[in-house]
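Fold and contact review
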Amino acid sequence: MALNETDTAELDISKQFLPQTESWAEPLWSGLHRGELHIQKCEPCGSFVYPPVEETCPQCTAAYSWHRASGTGRLWSWVTFHRSYYPGYPLASPYTVLMVEIEEGVRMLGSLDADTSVEELQCDMTMKFKPVRLSDDVHIPGFVLLGKERSRLET
Amino acid sequence: MSAESRNRLSGVASIAGVATSNFNELKELGNKRSPTELATHAIKMALEDADTEAGEIDGLIAMSVSAESVALRMGLSDLRLTMDYPYGGRYIAPALELSAQYLHSNSANTIVVVLALSKLATYSDSGAPGGHSAFEMMHAMGGPASHSAMMVRRYSYEYGDCSTALSSVAISNRANATLNPVAVFRKPLTENGYFASKLIAEPLRLFDYCMVNDGAVAIVIRRTSDVSGNRGVVVGGFASSTYPTVHYSAEDFYFQQCRSAATSMFAMAGVTAKDVDIAEVYDNYTPSVLFALEGFGFVGRGEAADFVRDGQIRRDGSLPLNTGGGHTSESYMQGMNLLANAVRQLRNEAGALQVSQANVAAFMYAAPTAGGCVLWR
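Predicted, not measured: the structure shown is a model, and the values here were computed from it.

As a further point, take the overall build of chain A. When its secondary structure is counted, chain A shows 3 helices and 10 strands. Ordered by position from the N terminus, the helices and strands of chain A form the series α-α-β-β-β-β-β-β-β-β-β-β-α. Put simply, chain A has 155 residues, and 48% of those count as buried. Considering only residue pairs separated by 6 or more positions, chain A has 54% of its internal contacts joining residues 24 or more positions apart.

Before going further, it helps to examine the overall build of chain B. Check the secondary structure of chain B and you find 14 helices and 10 strands. Dimensions of chain B, computed from the C-alpha atoms along their principal axes, are close to 55 × 45 × 45 Å. The buried share among the 377 residues of chain B stands at 62%. Split by element, the accessible area of chain B, about 13,600 Å² in all, is 48% carbon and sulfur. In chain B, which carries 29 positive and 36 negative side-chain charges, the distance between the mean positions of the two groups comes to 3 Å.

It is worth spelling out the sheet that holds strand β6 (residues 215-223) of chain B at this point. Residue and element names in this part refer to chain B. Across the sheet, 9 strands lie side by side as β3-β2-β4-β6-β1-β7-β10-β9-β8; this open sheet has mixed pairing. Either end of the sheet is taken by a strand with one partner, and the two such strands are β3 (81-85) and β8 (278-281). Ignoring strand direction, the axes of neighbouring strands in this sheet form an average angle of 25°. With 8 bridges joining them, strand β7 (residues 233-242) and strand β10 (residues 369-376) adopt antiparallel strand pairing. Counted as the bridge partner of Phe 238 is Cys 373 from β10. Seen against the sheet, helix α4 (residues 67-74) touches β2 (59-63) and β3 and runs at an angle of roughly 125° to β2.

Quick look at the nonpolar core now. All names here are of chain B. Of all hydrophobic cores here, the largest spans 98 residues; its most connected members are Leu 293 and Phe 298. With residues up to four places along the chain from it excluded, the contact list for Leu 293 reads Phe 298, Val 299, Ala 304, Phe 307, Val 308, Ile 313, Leu 319 and Leu 321. Listed in part, the 51 residues of the second largest apolar core include Phe 23, Ile 61, Leu 117 and Val 343.

Moving on, we come to the packing of aromatic side chains. All names here are of chain B. Inspection of the entire model under this criterion finds 19 aromatic pairs over all chains. Note on Tyr 155 and Phe 291: the rings are 5.8 Å apart at their centroids and 55° apart in plane angle, and the pair reads as tilted. You can see Tyr 155 sitting in helix α7 (residues 144-159) and its partner Phe 291 sitting in helix α11 (residues 287-295), a full 136 residues away along the chain. Of the residues examined, Tyr 155 reaches a relative accessible area of 0% and is grouped as buried. Ring centres of Tyr 209 and Tyr 285 lie 5.5 Å apart, and the angle between their planes is 75°; on these two criteria the pair is classed as edge-to-face. A residue pair is termed long-range when its members are at least 10 positions apart, and Tyr 209 in the loop between β5 (201-202) and β6 and Tyr 285 in the loop between β8 and α11 qualify at 76 residues.

Turning to the side chain of Asn173(B), a few remarks are in order. Residue and element names in this part refer to chain B. Examined against the element boundaries, Asn 173 turns out to sit in helix α8 (residues 163-177). Among the polar contacts made by the side chain of Asn 173, one reaches the side chain of Asp 283 at a distance of 2.7 Å. Those residues in contact with Asn 173 that sit more than four places away from it in its chain are Asp 283, Leu 321, Asn 322, Gly 325, Gly 326, Thr 328 and Ser 329.

Right, let's get into the interface of chain A and chain B. Contacts between the two partners involve 36 residues from chain A, matched on the other side by 30 residues from chain B. Interface area for chain A against chain B, summed over the two sides, is near 2,900 Å², with a carbon-plus-sulfur share of 65%. On the chain A side of the contact with chain B, Trp76(A), Tyr86(A) and Leu109(A) bury the most area, a combined 24% of that side's loss. Run the count over chain A and chain B and you get 2 salt bridges. One salt bridge connects Arg154(B) with Asp124(A), and the closest N-O pair in it is separated by 2.9 Å. Connecting chain A to chain B are 15 residue pairs in polar contact (both at pLDDT 80 or more).

Another point: α11(B). Residues and elements named next belong to chain B. The buried fraction of α11 amounts to 9 of the 9 residues, a majority that puts the element mostly inside the structure. Of all the positions in α11, only Pro 287, Ser 288, Val 289, Leu 290, Phe 291, Ala 292, Leu 293, Glu 294 and Gly 295 are classed as buried. Looking at the buried positions of α11, the neighbouring elements they touch are α7, α8, α10 (255-269), β8 and α12 (304-309). Of the residues flanking the end of α11, it is Gly 297, one or two places downstream, whose phi is positive at about 85°.

What follows is about the pattern of salt bridges. Charged atoms that come close allow side chains of opposite charge to pair. With the rule as written, the count across this model stands at 21 salt bridges over all chains. Because the salt bridges share partners, they merge into one network encompassing Arg74(A), Glu101(A), Asp124(A), Arg154(B), Glu158(B) and Glu251(B).

Our focus in this paragraph is unusual backbone geometry. Of note, the bond from Tyr50(A) into Pro51(A) is cis; its omega dihedral lies within 30 degrees of zero at -5°. Position of Pro51(A) among the secondary structure elements: in the loop between β2 (48-49) and β3 (65-68). A positive phi angle, near 65°, is found at Ser64(B), a position not held by glycine. A positive phi angle, near 60°, is found at Phe253(B), a position not held by glycine. The topology assignment puts Phe253(B) in the loop between β7 and α10. Note on Phe253(B): relative accessible area 4%, which makes it buried.

Here we come to the confidence of the model for chain B. Parts of the model with low pLDDT should not have their predicted coordinates read in detail. Mean pLDDT over chain B stands at 94; residues scoring 70 or higher make up 95%. Across residues 123-132 of chain B, where pLDDT falls below 50, the model places 25 contacts with residues more than four positions away in sequence or in other chains.

Right, let's talk about the sheet that holds β3(A) for a bit. With antiparallel pairing, the 3 strands of this open sheet are ordered in space as β2-β1-β3 (chain A). Of all the strands in the sheet, the pair left with one neighbour each is β2 and β3 of chain A.

On to the packing of helix α3 (residues 35-50) of chain B against α4(B), then. Residues and elements named next belong to chain B. Packing of α3 against α4 brings their axes to within 10 Å, and their N-to-C directions diverge by 65°. Of the two possible hands of crossing, α3 and α4 adopt the one that is right-handed. On α4, the residues touching Thr 36, Ala 39, Thr 40, Ile 43 and Leu 47 of α3 are Ser 69, Val 70, Arg 73 and Met 74. Each residue belonging to the contact of α3 with α4 can be placed in one class, and the counts come to 5 nonpolar, 3 polar and 1 charged.

Cut-off values and rules
- Sequence positions are assigned chain by chain, starting from 1 and proceeding in written order.
- Chains and ligands are labelled by the order in which they are written, letters from A for the one and numbers from 1 for the other.
- Whole-chain, interface and lining totals are the exception, using all residues; otherwise, since this is a predicted model, local features are given only for residues with pLDDT of at least 70 and side-chain atom pairs are given and counted only at 80 or more.
- Computation of side-chain values: all heavy atoms of the structure, hydrogens and water removed.
- Comment: elements are numbered from the N terminus, with helices defined as DSSP H or I runs of at least four residues and strands as E runs of at least two.
- Here the term buried applies to any residue with accessible area under 20% of the maximum for its type, exposed to any over 50%, and partly exposed to those in between, with areas from a 1.4 Å probe on protein chains only.
- We call two residues in contact whenever any of their non-hydrogen atoms come within 4.5 Å of each other.
- Values of accessible area rely on a 1.4 Å probe in the Shrake-Rupley scheme; residue burial ignores everything except the protein chains shown.
- Only four residue types enter the tally: Lys and Arg on the positive side, Asp and Glu on the negative side; His and the chain ends are excluded.
- Each charge is placed at NZ for Lys, CZ for Arg, CG for Asp and CD for Glu.
- Being paired, for any two strands, means DSSP has found at least two bridges between them.
- Axes, fitted as lines to C-alpha atoms, cover a helix only where it is in contact. Angles between the N-to-C directions of the axes lie from 0 to 180 degrees.
- Here, nonpolar core means buried Ala, Val, Leu, Ile, Met, Phe, Trp, Tyr and Cys residues that are tied together by side-chain atoms lying within 4.5 Å of each other.
- Two rings from Phe, Tyr or Trp (for Trp, the six-membered ring) form a pair when their centres sit within 6.5 Å of each other. Planes less than 30 degrees apart are called stacked, planes more than 60 degrees apart edge-to-face, and all others tilted.
- Polar contacts here mean pairs of N or O atoms no more than 3.5 Å apart (in protein, one a potential hydrogen donor and the other a potential acceptor; neighbouring residues in sequence count only if both atoms are side-chain atoms).
- Using a 1.4 Å probe, buried area is obtained as the accessible area two parts lose upon being combined, added over both of them.
- Between Lys or Arg on one side and Asp or Glu on the other, a salt bridge is scored when a side-chain nitrogen of the former is within 4 Å of a carboxyl oxygen of the latter.
- Think of pLDDT as the predictor's per-residue confidence, scored from 0 to 100.
- Crossing handedness follows the turn of the near helix against the far one: under a right angle anticlockwise gives a left-handed crossing, and clockwise gives a right-handed one.
- Here the term charged refers only to Asp, Glu, Lys and Arg, the term nonpolar to Ala, Val, Leu, Ile, Met, Phe, Trp, Tyr, Cys and Pro, and the term polar to all other amino acids, Gly among them.

Structure representation (structure tokens):
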């Protein structure tokens, strides 16, 4: 594939599927490239927010600061889609999306990392944050079963 | 608002007439009518049913269709109430309350609530996959159904596998629809057929989903004291409650909003869940029926699956539910067709669909905004 075609595909994936939040949620996206989860926190009242918001905290009107989350959470539930509804979406079907309650107390969606098979999942299992790659330039929040990531590194 | 002041509206309004499109015929015709045309036809039939002239309409609440367009096409004028709601569902209880208030204060005398859906026009929240939030789209999440699927998986984890309860809901709906000449899907459904159907947002299967179809429903609401004859159905109670969620899923399966709405709605009507003979439940997806039965207090928490599997919601059960086939088999008119079927049952005019005892009916929806109403003859 020629370079310009790749560029176009990258641009399309980002434009079509990602929220257009670069100007104010940059810590989330840059963190994903490093394998980290960054979420917003209101320092005065201690509350965490995800998905990120552009507004200030409604309780104390302070601006949110960015905070690196522990990346560990509890699997609340998940759903598996058996066909793709979005032309051009990079992940092949069936694909699985999880709802995970992270240690900071926020429930968040994440895609299931390929290193965990859906058959292994059970509610309340401990999950580890691991961004899922849509393309070289595009990573989205994702999770892997705790321990899976380590075993893969060992092999 | 205190319970005392709410009670003043109990029984003020009556549904004097109802009409629905022939959903099956519209599907055969290929769904080619505009929402305005579907709405005006339904209103004409509802007026005949209510023995009311179009010129008497002085209030028009329109869902998923423009009130002004409908009024213009019908030549209505001097309307004292026009209101546009983007869809039905959560707006039904507020529409009934608003109507009762207008009638109670003599601001209006004859109010029509109409909902019309047409594939010719775009409308939101159709139940089809779509990006409901920018932060869902990147995961290719398929809208509210995905969250219903997640909730029912969690529900099964907490209370035991409920897959055969979902099949029981789908099969019961379809059994009712086989008796309903206007239902879109009338072919009988067996348990084998249900489990042979494809998985969409697993654990949900094809038959767990509402359809997307064309049609309209109109109801005529008047002061109870103004409804002549014996065909008025009294609006005894209504309520709704919102507990906002980031996504469409709630950890308690919408229990707190259902319970809050149920408490107000039943208190206003002066009845309890035990007094209800028939239930009409907004089944965008079959799990919603389980969540509503528990949230509105028909069974205890975690007991809905057994209740449904025991056949209690079938037309010969203790609580016939979705008597016309519901959203999965009759038509997806975002709750309004369920309301119309409740009215017909209470009037003893449901034909082949008529159940043996129908004195009190409850219409309910379990979602981030839960709500409903209690009706009686």
